[in-house]
Each structure stands twice: as structure tokens, then as C-alpha cells.
Amino acid sequence: MFDQFIDFVRSYYGEKEGFVPLHAPLFVGNERKYVLEAINSTYVSSVGKFVDEFEASIRQYTGAKYAVATVNGSAALHIALQLAGVKPGDLVITQPLTFIATCNAIRYCHADPLFVDVDEDTLSLSAKHLQAFLEVHADVEKGQLIHKVSRRKITACVPMHTFGHPARMKELLEVCGKFQLPVVEDAAESLGSTYHSQMTGTLGLLGVYSFNGNKTITCGGGGMVVTNDETLGKLGKHLTTQAKKPHAWEFVHDHVGYNYRLPNLNAAMACAQMEQLNAFLESKRTLATRYKAFFSTSGIRFIEQPSGSESNYWLNAILLDNKEQRDQFLAYTNERGVMTRPCWRLMHKLEMFSASFAGDLTTAEEIENRLVNIPSSPMVRAQA
């Protein structure tokens, strides 16, 4: 079976003997043209037309009213958490099955993550487990959610749309609304995914995207905060540009701000990538369909998009029978030049988050032992 998988991947990507990466960027459009235009304009830093155009394209594509471009997804999440009201000493609910940037951003706010389990089908934060945890371990007191044991405030909930598969946002928003908890969507991996026809990242109070080199579209780095809240949208733009007040020549700053603005040089590439986003998504969904058919008779479970959702299939994933089989698959494929990877080590198992409060994390731990990501690069021809 392992050999058949390798043959399938190599045949799909036309790589009979070469290395097959997990997710490679694809530059087949106007990337070089726009980047050269930015260079020739001399506006290569955080001021330039491509930054504004990129934000406008994200607003148009997602339907969000406000979009703030940042240097990377971690910066976007840091700002989004601050905008949501996270303060030093607070607790922020998130899932243990996530990339470390989610928890790092919480710590940037001098807050701590509180881990709640995931759903097996979405791989994302479970509304059922969240409801059960909060009913036992938290109370709303004077409009503020309080963790009973520590007496610390719980000030935000951060579901992550794992590998591009949408979380059950309707149920999560209902639970968080009941407990007066703002939702910040970590949509770093899910640009183009929809939940009941609405773009991920636009369902909560705020959402964030990443444009790192391994994402569906990339500009080398890059991130974006999106929101429909006017006050938060404008404040986010202000904070990411050093909180400098407009003036013809004076340097006046009214907050502790951040040098988080996306450079025009990167935004130029991002604008070209946005022109190809739909083609990339079509290609990735075609690959997912072929993977589904391939694994249907293998006894290995292919992770499909959740019901009511359309996934961008950023990283395709399979579930093996157990950790032993997972490790055998990882060793066999990587030794033969086909890149595969396990999911991230669960956050509560990392030293810096090992003392964090958590609920029962059985599902996440089971997934960690069995899941493998498989090659997911898009295949799109160069524009004429």
C-alpha cells in the first residue's frame, strides 16, 4: 500500500524520481511583473499602492468590511487578540491541535492558553467540549467570564480551522455568546474555505489569515486581520502602523504601536497570487477528490471536508490505524523522497505550555498518534 501511494503521488506531480514537497509555492502569474513595478516605484516598505490593493482584494473576496495587512500571521493574531480585549494575566481558550503560532500570540499578550478538545471530523475546536468545560469550570460574573479555580478572566476563544477544514462555527458562536466570550478565528490555513457559504475568518469578531511560503497563496510572509467592526478595523490599522497620528510633519504617537505593516514589496506578490487564488483552490480540490478515491479501498481514512463546509484542502491528511503504522508510513515515504509530516505536537505537551489549564483532550491525543499530512501543492499552468 505504501508503494502504491508513492506511485500515485509521483504520477500526479510528474516526478518519477525527484523530491515531492509537502506544499510548494506556485508563481505562474504576475508576481515578477508586480514586484518589479514595486521596486521601480521605490516604494518597497510599508507605504505603497500594492498594500492598499491587497487589503481591498481580501475585503472583496471574503466580504469583510475591514482588512489590515501585517508582516505575518503571528503579528495579525497578536493584534487581533489585543483588539478583542485580551490583557496580561487573562486566559484564552484554544485547541491543543494547532500550530504553535496560535499559542505564541496568546503569550505575546502576556496571557495563557486554556486548552479544550477538538472534534474528530473537523480537527478543530469542539463546541460540545467547550460547552461542557465552561459549564463546570467557569462562571459569568458581572459580565465577565471567570475561571473558577484560578479566578482569572477568560477573555477570548480562538478556534483554528485546522488544515483548512472549517470548525463548527455556528455552534461555537452560540456557546461563546452564552458565556459572553468574543471569538477570534485563526483562519491562517483556511483562506477560501467556507462554512455554510460564509468565508472562514469572517464569522467571529475578528479573523486572521497567513500568507507564509507554504500557504495556499503566499507573498513570502504576510498576514491579514479582518473584521466587520469599524472601531476595531480602524484601531487595528492604527496599531500596526506604530500608532502614529496623522500630521504633515510631527511625530505623535498615542498608543504603544507595532511595526507590523506589510511591506509593499511583499504585497505586490500577494496581489498577483490573489489573481490566481480560485485556480489554486480548484486544483487543490481536484487533488483532494483523487486522494479520496485512492484511499477509499485502502483501509486508510482520508480527512474530508466537514458537513456544511467547503474546504480549501490546504494540507490533505490521512488517519492511520495507530502510532506504529503512522511512524512506518512517515519513514517509508520520506526515505523515498515523498515528503509527509505528522501533525504538530500537541501544545499542552510542549514545555512552555505544559502547565496550562485544560479539559479532557482525548480526541486530540488520538489524532496526534494517527494523522499524517501528505503532498498538497496546487498544479496550475502558467498564464499565457
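Please refer to the structure higher up on the page.
What counts, and where the lines are drawn
- Residues numbered from 1 in each chain as written.
- Predicted model: local features only at pLDDT ≥ 70, side-chain atom pairs only at ≥ 80, totals over all residues.
- Heavy atoms only, no water.
- Helix = DSSP H or I, 4+ residues; strand = E, 2+ residues; numbered from the N terminus.
- Rg over C-alpha atoms; globule rule 2.2 N^0.38 Å.
- Buried < 20%, exposed > 50% of the residue type's maximum accessible area, 1.4 Å probe, protein only.
- Contact = heavy atoms within 4.5 Å.
- 1 Å grid on protein atoms, 1.4 Å probe; cavity = no way out; pocket = protein on both sides within 12 Å on 5 of 7 lines; lining within 4 Å.
- Points joined across faces, edges and corners; volume = space filled by probe spheres on them.
- Nonpolar A, V, L, I, M, F, W, Y, C, P; charged D, E, K, R; others polar.
- Pairing = 2+ DSSP bridges.
- Expected span 1.5 Å × (residues − 1).
- Arc of directions from axis to C-beta.
- Axes fitted to C-alpha atoms, helices over the stretch in contact; angles between N-to-C directions.
- Phe/Tyr/Trp six-rings, centres within 6.5 Å; stacked < 30°, edge-to-face > 60°.

A word on the overall build of the chain. The helix and strand tally for the chain stands at 12 helices and 16 strands. The C-alpha radius of gyration of the chain comes to 21 Å, within 12% of the 21 Å expected for a compact globule of 384 residues. On the principal axes, the C-alpha backbone points of the chain span a range of 65 × 60 × 35 Å. For the chain, the proportion of its 384 residues judged to be buried stands at 54%. The long-range fraction of contacts in the chain, counting pairs at least 24 apart against all pairs at least 6 apart in sequence, stands at 71%.

Let's shift gears to empty space enclosed by the protein. Over the atoms rolls a probe the size of a water molecule, and in doing so it shows where empty space is left. Tallying each qualifying case throughout the model produces one cavity of 30 Å³ or more. Put simply, the largest cavity is a space of about 40 Å³. Ala-188, Glu-189, Ser-190, Leu-191, Ser-210, Phe-211, Lys-215, Thr-216, Ile-217 and Asn-312 are the residues that line the largest cavity. Considered class by class, the residues forming the lining of the largest cavity number four nonpolar, four polar and two charged.

Attention now moves to the pairing of strand E10 (residues 206-210). Counting buried positions along E10 gives five out of five residues, so the element sits mostly inside the fold. When E10 meets strand E11 (residues 223-227), the two strands line up antiparallel, connected through five bridges. Along E11, the bridge assignment pairs Ser-210 with Gly-223.

Quick look at helix H3 (residues 49-62) now. With 14 residues, H3 should cover 20 Å at 1.5 Å per step; its first-to-last C-alpha distance of 20 Å lies within 8% of that length. Phe-50, Val-51, Phe-54, Glu-55, Ser-57, Ile-58 and Thr-62 are the residues of H3 that are buried. On an axial view of H3, the arc spanned by its buried residues comes to 160°, and they lie on one face. Turning to H3, the residues buried within the fold contact helix H2 (31-41), strand E1 (66-70), strand E9 (198-199), E10, E11 and helix H9 (264-274). One or two residues past the end of H3 sits Gly-63, with phi positive at roughly 85°.

Sheet architecture is open: four strands sit in the order E12-E14-E16-E15, paired in antiparallel fashion. The strands lining the two open edges of the sheet, one partner per strand, are strand E12 (301-302) and strand E15 (341-342). As judged from the two bridges shared by E15 and strand E16 (residues 371-374), these two strands associate in the antiparallel manner. Bridging from a neighbouring strand, Pro-342 pairs with Val-372 of E16. Helix H11 (residues 323-335) contacts strand E14 (316-319), E15 and E16 of the sheet and is inclined by roughly 25° relative to E16.

With that settled, consider the pairing of E14. Where burial is concerned, the two faces of E14 agree: the one with Asn-316 and Ile-318 and the one with Ala-317 and Leu-319 are both buried. Here E12 runs beside E14; their pairing, made up of two bridges, is antiparallel. Looking across to E14, one finds that Phe-302 is bridged to Ile-318. Judged from the four bridges that link them, E14 and E16 form a sheet pairing that is antiparallel. For Ile-318, the partnering residue across the bridge sits in E16 and is Val-372.

Counted by the stated rule, this structure contains 19 aromatic pairs. Ring geometry for Phe-8 against Tyr-291: centres 5.5 Å apart, planes inclined by 40°, an arrangement best described as tilted. With Phe-8 in helix H1 (residues 2-13) and Tyr-291 in helix H10 (residues 277-295), this pair connects stretches of sequence that are 283 residues apart. Pairing Phe-99 with Trp-344 gives two aromatic rings, centres 6.4 Å apart and planes at 50°, and the pair type is tilted. Linking Phe-99 in the loop between strand E2 (91-94) and helix H5 (100-108) with Trp-344 in the loop between E15 and helix H12 (362-370), this pair joins segments that are 245 residues apart in sequence. Its relative accessible area of 43% is what places Phe-99 among the partly exposed residues. Connected via pairs of aromatic rings, a cluster forms that spans Phe-2, Phe-5, Phe-8, Tyr-291, Phe-294, Phe-295, Phe-302, Tyr-313, Phe-329 and Tyr-332.

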